[in-house]
Amino acid sequence: MTESPVEDSTPAAAPLVVLSNVNKHYGALHVLQDIDLEIRQGEVVVLIGPSGSGKSTLCRTINRLETIDSGTITLSGRPLPAEGRELAKLRAEVGMVFQSFNLFAHKTVLENVVLAQVKVRKVLRSHAEKTARELLDRVGVGAQADKYPAQLSGGQQQRVAIARALAMKPKVMLFDEPTSALDPEMVNEVLEVMRQLAADGMTMVVVTHEMGFARSAANRVLFMADGKIVEQDTPDAFFTAPRSDRAKDFLSKILHH
């Protein structure tokens, strides 16, 4: 189906996240080089590329878990705050799901999802518990609410971590290799939750090695190498006909082994 030209002439909404000329060094290593990126509301952007290409670092700059040396990053048109209370607020706006689940081991699953709502968002506990139960149901672990993280499988723990991030009603969700610590049979249950979030219109930035997810859920695939965005395209175009030699080489190694 072709787009009608009328749609193209309407002004697009301002992007939700904008990275402009972002640079980051670890000592002599230039891990992010002049990164320019705009992410629109409801867009799912998947970052792929070889290890050490800067994907996770880029993802983590968006909620200031990694600071940058130069350039600017804005969320909803406002620069990321440097520290203190404003930074805590920002982290509530930007949900993050890590490779490790980072759940509080001494708190129940329900309490893990309730805690930040009460402490950071100042939500009444009764409301926070209602939200937590709804979200745990949504990610398929409602029956585990009264258990402790250690009693859950890795896939269940990661789904609790997703529910916990969603409970803050974030504007954007960051996923930093959310399935790489999971046993293979648990990967799909987490990716399925993420696919559903994407279908529901959540703005997402996902660093992953799961090419099937990139193909099926992304609006845009960004291929990174050596701290640069080498190319970006729709999943169809990227996986069918990558333009750069780096991307062709990367795909030939991972898709045909």
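On a predicted model such as this, the values are computed, not experimentally measured, just so you know.

Caption draft 1: Structural detail: the overall build of the protein chain. On a plain count of helices and strands, the protein chain comes out with 10 helices and 10 strands. Compactness check: the protein chain gives a C-alpha radius of gyration of 19 Å against a globular reference of 18 Å for 257 residues, within 12% of the reference. For the C-alpha atoms alone, the extent of the protein chain along its principal axes is close to 50 × 50 × 40 Å. Expressed as a percentage of its 257 residues, the buried residues of the protein chain come to 49%. Taking the contacts inside the protein chain whose residues are at least 6 apart along the sequence as the reference set, 65% of them involve residues at least 24 apart. Here the protein chain has roughly 12800 Å² of accessible surface; of this, 51% comes from carbon and sulfur atoms. Side-chain charges of the protein chain comprise 30 positive and 31 negative groups, with the mean position of each set lying 7 Å from the other.

Caption draft 2: Structural view of the pattern of salt bridges. Inspection of every chain in the model, using the stated rule, returns 16 salt bridges. Here arginine 40 makes a salt bridge to glutamate 38, at a shortest N to O gap of 3.8 Å. According to the relative accessible area criterion, arginine 40 is partly exposed, its value standing at 33%. Between aspartate 233 and arginine 243 there is a salt bridge, with the nearest N and O atoms lying 2.6 Å from each other. One end of the pair, aspartate 233, is in strand β10 (residues 228–233); the other, arginine 243, is in the loop between α9 (235–240) and α10 (245–255), with 10 residues separating them in the sequence. You can call aspartate 233 partly exposed: its relative accessible area is 21%. When salt bridges with common partners are traced through the structure, they connect Lys24, Arg60, Glu66 and Asp176 into a single cluster.

Caption draft 3: Structural detail: the nonpolar core. Formed by 52 residues in total, the largest nonpolar core has its most connected members in Ile48, Leu136, Ile162, Met173, Phe175, Met194 and Met204. Looking at this core, the element that brings in the most residues is helix α7 (residues 184–199), giving 8 residues. In this view, methionine 173 contacts Gly95, Val97, Ile162, Ala165, Leu166, Leu197, Met202, Thr203, Met204 and Val205; residues no more than four positions away in its chain are not counted. With 27 residues, the next largest nonpolar core counts Ile73, Met96, Val172 and Val207 among its residues.

Caption draft 4: Inspection of the UniProt feature "domain: ABC transporter" (unreviewed entry) in the protein chain at higher detail. Here, UniProt's "domain: ABC transporter" (unreviewed entry) annotation points to residues 17–251. Secondary structure content for residues 17–251 is 39% helix and 26% strand, and the end C-alpha separation is 28 Å.

Caption draft 5: Highlighting the pairing of strand β2 (residues 29–39). In this structure, strand β1 (residues 17–26) lies alongside β2, joined through 7 bridges in antiparallel fashion. Opposite valine 22, over in β2, you have isoleucine 35 as the bridge partner. Two successive antiparallel strands, β1 and β2, enclose a turn made up of 2 residues, where glycine 27 displays a positive phi of approximately 60 degrees.

Caption draft 6: Quick peek at the packing of helix α5 (residues 125–138) against helix α6 (residues 154–166). Where α5 contacts α6, the axes come no closer than 9 Å and their chain directions differ by 135 degrees. When the axis of α5 is compared with that of α6, the two are oblique. Helix-helix and strand crossings are classified by hand; for α5 and α6 the assignment is right-handed. Packed against α5, whose contacting residues are Leu135, Leu136 and Arg138, the element α6 presents Val160, Ala163 and Leu166 at the interface. Taken together, the residues that form the contact of α5 with α6 break down as 5 nonpolar, no polar and 1 charged.

Caption draft 7: Representation of the environment of proline 242 in the model. One can find proline 242 in the loop between α9 and α10. With 10 residues separating them along the chain, proline 242 and glutamine 232 place their C-alpha atoms 9.1 Å apart. Those residues in contact with proline 242 that lie beyond four places of it in its chain are Glu231, Ala237, Ala247, Lys248 and Leu251.

Caption draft 8: Expanded view of unusual backbone geometry. One non-glycine residue, lysine 122, lies in positive phi territory at about 60 degrees. Here lysine 122 shows up in the loop between α4 (109–119) and α5.

Caption draft 9: Layout of the packing of aromatic side chains. The full count for this structure, using the stated rule, is 3 aromatic pairs. With centroids separated by 5.3 Å and ring planes inclined at 50 degrees, the aromatic side chains of phenylalanine 223 and phenylalanine 250 adopt a geometry described as tilted. One end of the pair, phenylalanine 223, is in strand β9 (residues 220–225); the other, phenylalanine 250, is in helix α10, with 27 residues separating them in the sequence. Relative accessible area serves as the criterion here: at 0%, phenylalanine 223 is assigned to the buried category. Phenylalanine 250 gets classed as buried once you look at its relative accessible area, which sits at 12%. Consider the rings of phenylalanine 238 and phenylalanine 239, whose centres lie 5.3 Å apart with planes at 80 degrees: the pair is edge-to-face. One exposure class covers both phenylalanine 238 and phenylalanine 239, and it is buried. An aromatic cluster of three or more residues is present, and its members are Phe223, Phe238, Phe239 and Phe250.

Cut-offs used in this document
- Residues numbered from 1 in each chain as written.
- Predicted model: local features only at pLDDT ≥ 70, side-chain atom pairs only at ≥ 80, totals over all residues.
- Heavy atoms only, no water.
- Helix = DSSP H or I, 4+ residues; strand = E, 2+ residues; numbered from the N terminus.
- Rg over C-alpha atoms; globule rule 2.2 N^0.38 Å.
- Buried < 20%, exposed > 50% of the residue type's maximum accessible area, 1.4 Å probe, protein only.
- Contact = heavy atoms within 4.5 Å.
- Areas by Shrake-Rupley, 256 points an atom, 1.4 Å probe, with all protein chains shown as cover.
- Lys, Arg positive; Asp, Glu negative; His and termini not counted.
- Charge placed at Lys NZ, Arg CZ, Asp CG, Glu CD.
- Salt bridge = Lys/Arg side-chain N within 4 Å of Asp/Glu carboxyl O.
- Core = buried A, V, L, I, M, F, W, Y, C linked by side-chain atoms within 4.5 Å.
- UniProt positions renumbered as here; feature names shortened; annotations may be inferred.
- Pairing = 2+ DSSP bridges.
- Axes fitted to C-alpha atoms, helices over the stretch in contact; angles between N-to-C directions.
- Parallel < 35°, antiparallel > 145°, perpendicular 65-115°, else oblique.
- Left-handed = near helix turned anticlockwise from the far one by under 90°.
- Nonpolar A, V, L, I, M, F, W, Y, C, P; charged D, E, K, R; others polar.
- Phe/Tyr/Trp six-rings, centres within 6.5 Å; stacked < 30°, edge-to-face > 60°.

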